[in-house]
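Structural overview
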Amino acid sequence: MKTETSSIWKKAINNGVLAGGICLLVALVGLVEAFGDTYVIIGVISFGIVILFTPMVMLTYMFLRGSSNTRRSILVGTSALIGLISGLFLTILILLGTYTGIRNMFVNASPALFEMLTMGIPLPLGVFVPPLLFAVVCVATCGIFLLPSRLRAAMIQAILWVVALGTLRDQVLYIDLFKIQPFSFVLTRFMFATTGLSIIGAVFVFAVAFGLTFYLKGRQRGPAVAKSPKVVKRNKFILYIGLGLILLSLPYALGIFYSEILDTTGYFIIMGLGLNIVVGYAGLLDLGYVAFYAIGAYTVGVLTSQLGAWTFWQALPVALVVTWLAGIILGLPVLRMRGDYLAIVTLGFGEIVRLLALSDWLKSFLGGTQGIQQIAQPKFGPLTLDTLQKLYYIILVGIVIIAFIAWRLKDSHLGRSWMALREDEDVAQAMGINLVMTKLLAFSTGALFAGLAGTFGAAKLTSVYPHSMTFIVSINVLVMIIIGGMGSIPGVFVGALVLVGLPAMLSGFEEFKYWFYGLALVAMMLFRPEGLWPEARRKLELHEQEAIPDLPVTEALNVGEAGGK
């Protein structure tokens with residue numbers, strides 16, 4: 001018993017050190033100070049402080065979940081210890097920043113940050129503020145954890161809703177639907193302050209979220225009743241109709257700000273679906289994928305702006321054929337390459353396309369650094385799709401078509417050949433799969449989808465520039481499908497919403513965008529390597545051992561192999 005107790009205290013110390021290190025990092029990269037004036041609840045708590053508390057609260061909660069069989073008094077004590085240790089890291093930072101020249105090395109270790117951390121209390125008493133404050137927050141976390149499950153779930157949901165709505169105050173008020181007079185009056189007068197929620201608004205949001213969650217968690221579910229196929233079909237039909245109506249009404253309900261985000265997210269989804277075929281289905285790592293987007297965009301630009309009066313619809317099929325051929329041209333020299341070598345060659349291809357667009361040699365066609373302007377937009381008779389809201393619909397149609405093709409390809413003979421290639425190239429060849437044709441079709445299909453995204457991107461901006469076709473765009477699309485789930489079509493949508501839609505909505509985070517990218521990737525690899533919405537097969541591969549928990553590792557592997565046979 002003594003051993004168990006000492007082990008828990010040791011674990012708490014480890015968690016405290018880890019939480020303190022993360023809090024120190026968050027403070028030194030400037031996140032706390034940058035969002036110090038952005039309130040979640042006006043005059044009560046800023047978003048910077050919420051960011052500072054988040055890693056400590058999460059680690060404390062994870063610690064409590066792993067020690068749920070321990071006595072309550074020990075849980076409270078260990079939680080306080082985690083908070084005290086975490087806070088001591090910031091105390092050391094304050095002392096070093098005040099009495100040494102640490103700011104020469106860490107520019108964000110500023111007096112403004114120290115004032116936030118000490119809550120304006122002067123030294124020497126101020127140094128005690130972080131440990132005491134953090135200990136209180138950790139004990140409060142422990143208090144929430146010790147509540148009955150129904151109350152705990154309601155409390156957590158209510159806090160999350162208050163933080164989300166307080167942080168997204170400006171984004172909520174951008175929505176056109178809420179600009180209608182009665183909505184606008186209630187929101188600006190009672191719900192929100194000049195920054196974040198008003199105190200009345202916070203209490204209202206907390207009460208509604210708490211009450212709803214508490215009610216839903218307590219609702220008794222009756223025994224499951226099998227529904228007839230006719231009822232299931234009818235329910236699916238109603239669901240699809242409802243989803244379709246929501247999608248069609250989005251641009252005019254949300255307004256121009258969100259239409260811009262929807263359009264950008266839309267053509268990233270198309271690119272993601274294309275790269276998902278190359279990387280997710282066929283396992284061919286492509287780091288120069290943006291080149292095909294550029295080829296599609298430049299082809300439409302040249303045909304509709306540089307070479308005369310082509311319409312968008314006349315240029316579109318030419319652009320698709322050109323990008324499809326470009327996929328084959330890239331595929332031919334890399335047929336024998338795998339892994340890192342393939343990634344390096346595709347990276348080089350992407351850079352070659354960008355440098356050609358920048359070169360003086362093709363300046364008369366591609367415009368050099370100035371790019372191409374006045375690109376034609378899609379027209380249907382007298383109707384020109386010249387606004388973000390109108391373009392949304394053509395991008396939506398493109399997504400539906402591409403998603404349908406990707407879905408049908410996945411279970412086709414070609415799709416299975418791609419997956420066999422991904423699993424083991426030599427075995428695939430031994431089974432009679434034509435590697436040359438299979439690889440070329442993967443590259444060319446992915447290129448075709450990226451080319452379509454490029455034409456939509458060019459039509460949206462009515463211009464195209466080489467500086468917007470950088471290597472980082474390829475990385476963004478690749479990270480998008482990793483976060484969503486390699487090989488998963490719904491995962492591409494989730495990845496695009498998380499990595500393109502959400503950052504665009506949170507424009508205040510632009511400076512820290514790549515910091516969060518890195519954090520999200522590390523977290524995904526540690527806690528959910530299969531992605532947010534993984535493909536069923538990949539999920540099974542990664543969690544095969546967990547599915548057979550009672551068997552030793554070797555036996556479980558044998559069972560898995562036997563099942564595969």
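Here, every reference points to the structure presented above.
Thresholds applied
Residues numbered from 1 in each chain as written. Predicted model: local features only at pLDDT ≥ 70, side-chain atom pairs only at ≥ 80, totals over all residues. Heavy atoms only, no water. Helix = DSSP H or I, 4+ residues; strand = E, 2+ residues; numbered from the N terminus. Rg over C-alpha atoms; globule rule 2.2 N^0.38 Å. Buried < 20%, exposed > 50% of the residue type's maximum accessible area, 1.4 Å probe, protein only. Contact = heavy atoms within 4.5 Å. Areas by Shrake-Rupley, 256 points an atom, 1.4 Å probe, with all protein chains shown as cover. Lys, Arg positive; Asp, Glu negative; His and termini not counted. Charge placed at Lys NZ, Arg CZ, Asp CG, Glu CD. Expected span 1.5 Å × (residues − 1). Polar contact = N/O pair within 3.5 Å; in protein donor to acceptor, adjacent residues only side chain to side chain. Axes fitted to C-alpha atoms, helices over the stretch in contact; angles between N-to-C directions. Parallel < 35°, antiparallel > 145°, perpendicular 65-115°, else oblique. Left-handed = near helix turned anticlockwise from the far one by under 90°. Nonpolar A, V, L, I, M, F, W, Y, C, P; charged D, E, K, R; others polar. Phe/Tyr/Trp six-rings, centres within 6.5 Å; stacked < 30°, edge-to-face > 60°. Core = buried A, V, L, I, M, F, W, Y, C linked by side-chain atoms within 4.5 Å. Arc of directions from axis to C-beta.

In this section: the overall build of the chain. A count of helical and extended segments in the chain gives 25 helices and six strands. The globule rule puts the C-alpha radius of gyration for 565 residues at 24 Å, and the 27 Å found for the chain is close to it. Principal-axis analysis of the C-alpha atoms places the extent of the chain at approximately 75 × 60 × 60 Å. By residue count, 45% of the 565 residues in the chain fall in the buried class. When contacts within the chain are restricted to residue pairs at least 6 apart in sequence, long-range pairs at least 24 apart make up 76% of them. Carbon and sulfur atoms make up 69% of the accessible area of the chain, which amounts to about 29,700 Å² in all. Considering the chain, the positive charge centre built from 38 side chains and the negative charge centre built from 28 side chains are found 10 Å apart.

On to helix H22 (residues 489-505), then. Helical geometry note: an α-helix holds 3.6 residues per turn, so side chains three or four residues apart project in the same direction. Between its first and last C-alpha, H22 extends 23 Å over 17 residues, near the 24 Å set by a 1.5 Å rise per residue. Residues of H22 that are buried: Ile489, Gly491, Val492, Gly495, Ala496, Leu499, Val500, Gly501, Pro503 and Met505. Where the residues of H22 are buried, they touch helix H8 (169-174), helix H12 (256-281), helix H17 (388-410), helix H21 (471-484) and helix H23 (513-527). Capping the start of H22, Ser488 holds a side-chain oxygen 3.0 Å from the backbone nitrogen of Gly491, two or three residues further along.

Axis separation between helix H4 (residues 72-99) and helix H6 (residues 129-145) bottoms out at 7 Å; the angle between their running directions is 150°. Here H4 lies roughly antiparallel to H6, going by the angle between them. Crossing angle aside, the handedness with which H4 passes H6 is right-handed. Of the residues contributing to the contact of H4 with H6, the split by class is 15 nonpolar, five polar and no charged.

So, about the packing of aromatic side chains. On inspection of all chains with the given rule, the structure shows 19 aromatic pairs. Summarising the aromatic geometry, the rings of Tyr252 and Tyr393 are spaced 6.5 Å apart at their centres and angled 20° between planes, so their arrangement reads as stacked. Of this pair, Tyr252 sits in helix H11 (residues 229-254) while Tyr393 sits in helix H17, and the two are 141 residues apart along the sequence. Relative accessible area serves as the criterion here: at 47%, Tyr252 is assigned to the partly exposed category. Taken together, a centroid distance of 6.1 Å and an interplanar angle of 70° make the contact between Tyr289 and Phe292 edge-to-face. Look at Tyr289 and you get buried, because its relative accessible area is 0%. The class for Phe292 is buried, based on a relative accessible area of 1%.

Ile270, Leu275, Tyr289, Phe292 and Met480 are the most contacted members of the largest nonpolar core, which totals 83 residues. Discounting residues that sit within four places of it in the chain, Leu275 has contacts with Gly280, Asp286, Tyr289, Val477, Leu478 and Ile481. Phe35, Val127, Leu173 and Ala202 belong to the second-largest nonpolar core, a separate cluster that totals 50 residues.

Given a rise of 1.5 Å per residue, 15 residues ought to cover 21 Å, and the 21 Å separating the end C-alpha atoms of H23 matches this to within 8%. Within H23, the full set of buried residues consists of Lys513, Tyr517 and Met524. Take H23 and look down its axis: the buried residues cluster within an arc of 45°, on one side only. In H23, the exposed positions that point more than 90 degrees away from the buried face belong to Val522, Leu526 and Phe527. In this fold, the buried residues of H23 make contact with H21 and H22.

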